[in-house]
Structures are given as structure tokens and as C-alpha cells.
Amino acid sequence: MSSIRKVAELAGVSLGSVSRYLNGHQLKEQNMKKIAAAIEELDYKENIIAKGLKNNRSFSVGLLMNSISSQFGAGVVSGIEEIMEQNGYSVLLSGFKGDISLVDQKIDYLVQHAVDGLIVFMSEQDWDGMERLAELPMPVLTINSPVQLAGIDRVQVADRKSVSEVVEHLVHEGHTRIGILAAPQNDYVARERLLGAKQVADKYPDVSLAIEYGDYSRISGYWGGKNLLNQDISALLVTNYNMMTGVLEYLQQSPASEKEKLVLAHYDYTSEMAELLSDRIIIKAPTKQIGQRSAQLLLERMNENQSSEGKNEIIENEIFGI
């Protein structure tokens, strides 16, 4: 097994130079190239455990989220893991599966495992302990959080803006009765998406919204879509991917007269749907980018020697079909 001493000998530099290189310090360019070449030739692997003990780091980060089972969540987690692994960190995942009462317990679990940083990925505004995140003994980043906390970075997706753009387009195309299949309004993201539709409709006296609420399930999309199509709508916006699959199931079974003039807009998290179906409007959340950027910001915060104000970074959705 290669050692730091062998790397130094092959590169023709001191042990101290190799150590400083491994810890991210800048050296003479020539020496850095020699060390990099020696590391590659010897296939040198750092002893992360030993390095962590020396620097009082665990080289792990915590990820607290509702559930990884959704397509959106899985994409975000994939992006986080990719960046963290590239930087020598493992990800300790802890979920609360919709039970907000478990959040404090899950945070305690991650703190006890001495994670170097924490990403909190939830949308529930009614968690009374949100302020606790600013008091934790490690850097914290939130994804789609309803509040900006002092010293905590936040990544948000521009959902309200995206829905507003889609509804504005529908209005300009002559639609005056637009159906909205919304997700439960105890979810911050769901509220943002519905608010984007309402803000546009409020600008136009002749435009009205028919609103139904689902519960994120395919079956609620099926029945919600059916109810909306019975309300004389000419366009339908579905604000959740799973509910959209239920709407599509209903449309496949419905008579052609019921769907031939319907304009369908919905969320999706893959590019394939947008490329294959030119007759729909699709809002695509860049899930992997959200995860990657969140991981990058947390790494930057973890490597800072002094505190600073929390950053609020907005990530835009892609919109196809308008």
C-alpha cells in the first residue's frame, strides 16, 4: 500500500510539501504537478479516517429529507452524492417519511454522528423547530425552505415564477377557464406553485381557475383530472409528477371529444417526456443540478474560517412547449 512518504520520494519533494498539497494549499506549480503525477502513478489513497481525526472532521455530511422515494428527491440526492464523493465525503441519509414530529430526533441522530455539515431538504413550514437549524454546531444548508435563517445558505427552485409563466402563456393563447390540480397546501412548494397561478389569474377579470387538490398519488390525479374536465376547462395544469400520471391514465380512457381541445401542462423531472411530446407544456425541475449546487455551497461553507450571511440561491426550472 502506498504511503505519503513514497509519494514524496517519487515526486522529489518533502513530506511537508505533500501534506500541504493534500490539504489544499497552493505550492509551486512545478511541485504540484510532480506530486499529482506521483499520486496517480502510485495510486495513492488518503487515509480519510486518520485525516479526519487529525483535523477533527468525520468527512461525512448529513442529509435530512422527507422521503427519497419520489423522483424529485432521488434526483436531488444523486446530485448531492456525486459532488460529495468527488470531494471525499460520504452522505448519511436520514428521512422522516412525512412525520414532522420526528425531525428533532433525526437531527439529534445526525449531530451525534459528528457530521461536518447538514443539508435539510423539506418543505413543511409548520415545523416549530426551524430556528434550531441556526444553532447547530456545523454548517447547514436548506433546500426549498420557506424561511431564510441567519448564517444558513438556502437553495430554492423558482416554482412560483415557472407556473406564472405557463399560466400567462395559456391566457395569451385565449384560455379563460384553466384547471389547476394542486398538491396539499401544507407543503411550501405546493403553495408556491398554486400562488403562481393565482397571481396571474388575478390580473385578468375574464380569467378564472378551477382548482382541485390531490394528495401526491396517482389515484388522486385520476379523480382530480376527471373532476376538472367536468368543469368546462380548456387547459389543465398539474403541479405534481405523480398526479400527472393519474391524469394521463384518465385521459387515455376518456372519449376523444373530451381531450382533443384540451391543453395539458404538467411537471416532469426527465427530459424524455419534453422531447417526445410536443403537444404538451412541461415544467422540468433540474433535480440533479439542485443537488449538485446544494453540495457545492455546503462545501464552501464548511471550508470557511469565519461566518457570513446566508446565501439565497435561486435555480430556474426549464419550460418546454411555450
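Predicted model, so just to flag it, every value in this text is computed and none were measured.

> I tried to follow unusual backbone geometry on my own but got confused; where do I start?
A negative phi angle is the norm for most residues apart from glycine, just as the trans form is the norm for most peptide bonds. For asparagine 144, which is not a glycine, the phi torsion comes out positive at approximately 55 degrees. By the element assignment, asparagine 144 lies in the loop between β4 (140–143) and β5 (153–157). Within the chain, tyrosine 216 stands out as a residue other than glycine whose phi angle is a positive 80 degrees.

> I would appreciate a short explanation of the pattern of salt bridges in the present structure.
Any two side chains of opposite charge can pair, so long as their charged atoms come close to each other. One pass over the structure, following the stated rule, counts 14 salt bridges. The shortest N-O distance in the salt bridge between lysine 288 and glutamate 82 comes to 2.9 Å. Of this pair, lysine 288 sits in helix α13 (residues 287–302) while glutamate 82 is found in helix α5 (residues 71–86), placing the two residues 206 residues apart along the sequence. Residue lysine 288 is classed as partly exposed on the basis of its relative accessible area, which comes to 38%. For glutamate 82, a relative accessible area of 26% puts it in the partly exposed group. The residue arginine 193 makes a salt bridge to aspartate 159 at a minimum N-O spacing of 3.2 Å. Placement of the pair is arginine 193 in helix α8 (residues 188–201) and aspartate 159 in helix α7 (residues 159–172), with a sequence separation of 34 residues. Each of the two residues, arginine 193 as well as aspartate 159, counts as buried.

> Teacher, can you tell me more about the packing of aromatic side chains here?
To describe a pair of aromatic rings, one takes the distance between the centres and the angle between the planes. This structure, assessed with the given rule, holds 4 aromatic pairs. Relative to tyrosine 89, the ring of phenylalanine 59 has its centre 5.2 Å away and its plane inclined at 40 degrees; by these criteria the two rings are tilted. Of the two residues, phenylalanine 59 is situated in the loop between α4 (48–55) and β1 (60–65) and tyrosine 89 in the loop between α5 and β2 (90–95); the sequence distance between them amounts to 30 residues. Relative to tyrosine 250, the ring of tyrosine 222 lies with its centre 5.4 Å away and its plane at 90 degrees, an arrangement referred to as edge-to-face.

> I would appreciate a short explanation of the packing of helix α9 (residues 218–229) against helix α10 (residues 241–253) in the present structure.
In the contact formed by α9 and α10, the axes pass within 6 Å of each other and the chain directions differ by 55 degrees. Classified by the angle between their axes, α9 and α10 sit oblique to one another. Where α9 crosses over α10, the two elements pack in a sense that is right-handed. On α10, the residues touching Arg218, Ser220, Gly221, Tyr222, Gly225, Lys226 and Leu229 of α9 are Asn242, Met243, Thr245, Gly246, Val247, Glu249, Tyr250, Leu251 and Gln253. Partitioning the contact of α9 with α10 into residue classes produces 6 nonpolar, 7 polar and 3 charged.

> Where do I start with the pairing of strand β6 (residues 177–182) in this structure?
Regular strands show a simple pattern: their side chains alternate between the two faces of the sheet. With 5 of 6 residues buried, β6 lies mostly within the body of the structure. Across 6 bridges, the pairing between β6 and strand β7 (residues 208–213) is parallel. Its bridge partner being in β7, isoleucine 180 is matched across the sheet by isoleucine 211. Note on the crossover from β6 through α8 to β7: the handedness is right-handed. Pairing between β6 and strand β8 (residues 235–238): 4 bridges, direction parallel. Opposite isoleucine 180, over in β8, you have leucine 237 as the bridge partner.

> What should I look at first to understand the nonpolar core in this one?
A general tendency of soluble globular proteins is for nonpolar side chains to be buried together. If you look at the biggest cluster of nonpolar residues, it comprises 46 residues, and the most contacted ones within it are Ile80, Met84, Ile143, Val167, Ile178, Ile180 and Ile290. If near-sequence neighbours (up to four positions away) are discounted, isoleucine 180 is found in contact with Leu194, Ala197, Leu209, Ala210, Ile211, Glu212, Leu228, Leu236, Leu237 and Thr239. Within the second largest apolar cluster, 18 residues are counted, among which are Leu181, Tyr222, Val247 and Leu248.

> Sorry, what's going on with the sheet that holds β2 here?
Note: strands within a sheet are paired through backbone hydrogen bonds, in either parallel or antiparallel orientation. As summarised here, the arrangement of the 6 strands in space is β2-β1-β3-β4-β5-β11, forming an open sheet in which the pairing is parallel. Unpaired on one side and paired on the other, β2 and β11 (312–315) mark the two borders of the sheet. If you compare each strand with its neighbour and ignore which way they point, the axes differ by 20 degrees on average. As paired strands, β5 and β11 are joined by 4 bridges and run parallel to one another. What sits directly across from glutamine 156, in β11, is isoleucine 314.

> Before we go on, may I ask you to explain the sheet that holds strand β10 (residues 280–284) in this structure?
Strand order in the open sheet formed by 6 strands is β7-β6-β8-β9-β10-β12, with mixed pairing between adjacent strands. For this open sheet the edge positions go to β7 and β12 (318–320), each flanked by a neighbour on one side alone. On average, each strand axis in the sheet is inclined to that of its neighbour by 15 degrees, with strand direction left out of account. In this structure, strand β9 (residues 263–268) lies alongside β10, joined through 5 bridges in parallel fashion. Bridge pairing links alanine 265 to isoleucine 281 in β10. Together, β6, β8, β9, β10 and β12 form the strand contacts of α7, whose direction differs from that of β10 by roughly 170 degrees.

What counts and what doesn't
Residue numbers run consecutively from 1 along every chain, following the written order of its sequence. Predicted model: local features are reported for residues with pLDDT of at least 70 only, side-chain atom pairs are reported and counted for 80 or more only, and whole-chain, interface and lining totals are derived from all residues. Note that water and hydrogens are dropped before the side-chain values are worked out from all heavy atoms of the structure. Only DSSP runs of H or I with at least four residues qualify as helices, and only runs of E with at least two residues qualify as strands; both kinds are numbered from the N terminus onward. For salt bridges, the criterion is a side-chain nitrogen of Lys or Arg within 4 Å of an Asp or Glu carboxyl oxygen. Classification of residues uses two cut-offs on accessible area relative to the type maximum, computed with a 1.4 Å probe and protein chains only: under 20% is buried, over 50% is exposed, and between them is partly exposed. A pair of aromatic rings is counted whenever rings of Phe, Tyr or Trp (Trp by its six-membered ring) have centres within 6.5 Å, and the orientation is called stacked for planes under 30 degrees apart, edge-to-face for over 60 and tilted otherwise. Note on geometry: axes are C-alpha line fits, over the in-contact stretch for helices, and angles between N-to-C directions span 0 to 180 degrees. Working rule for angles: under 35 degrees goes down as roughly parallel, over 145 as roughly antiparallel, 65 to 115 as roughly perpendicular, anything else as oblique. By the definition used in this description, the sense in which the near helix is turned from the far one sets the handedness, with an anticlockwise turn below a right angle giving left-handed and a clockwise turn giving right-handed. The contact rule is simple, with two residues in contact once any of their heavy atoms fall within 4.5 Å. In this classification, Asp, Glu, Lys and Arg are treated as charged, Ala, Val, Leu, Ile, Met, Phe, Trp, Tyr, Cys and Pro as nonpolar, and every other residue, Gly included, as polar. Being paired, for any two strands, means DSSP has found at least two bridges between them. Handedness is read with the strands pointing away from the viewer; a crossover is right-handed when the path from the first strand over the helix to the second is clockwise. Among buried residues, those of type Ala, Val, Leu, Ile, Met, Phe, Trp, Tyr and Cys that are joined through side-chain atoms within 4.5 Å constitute a nonpolar core.

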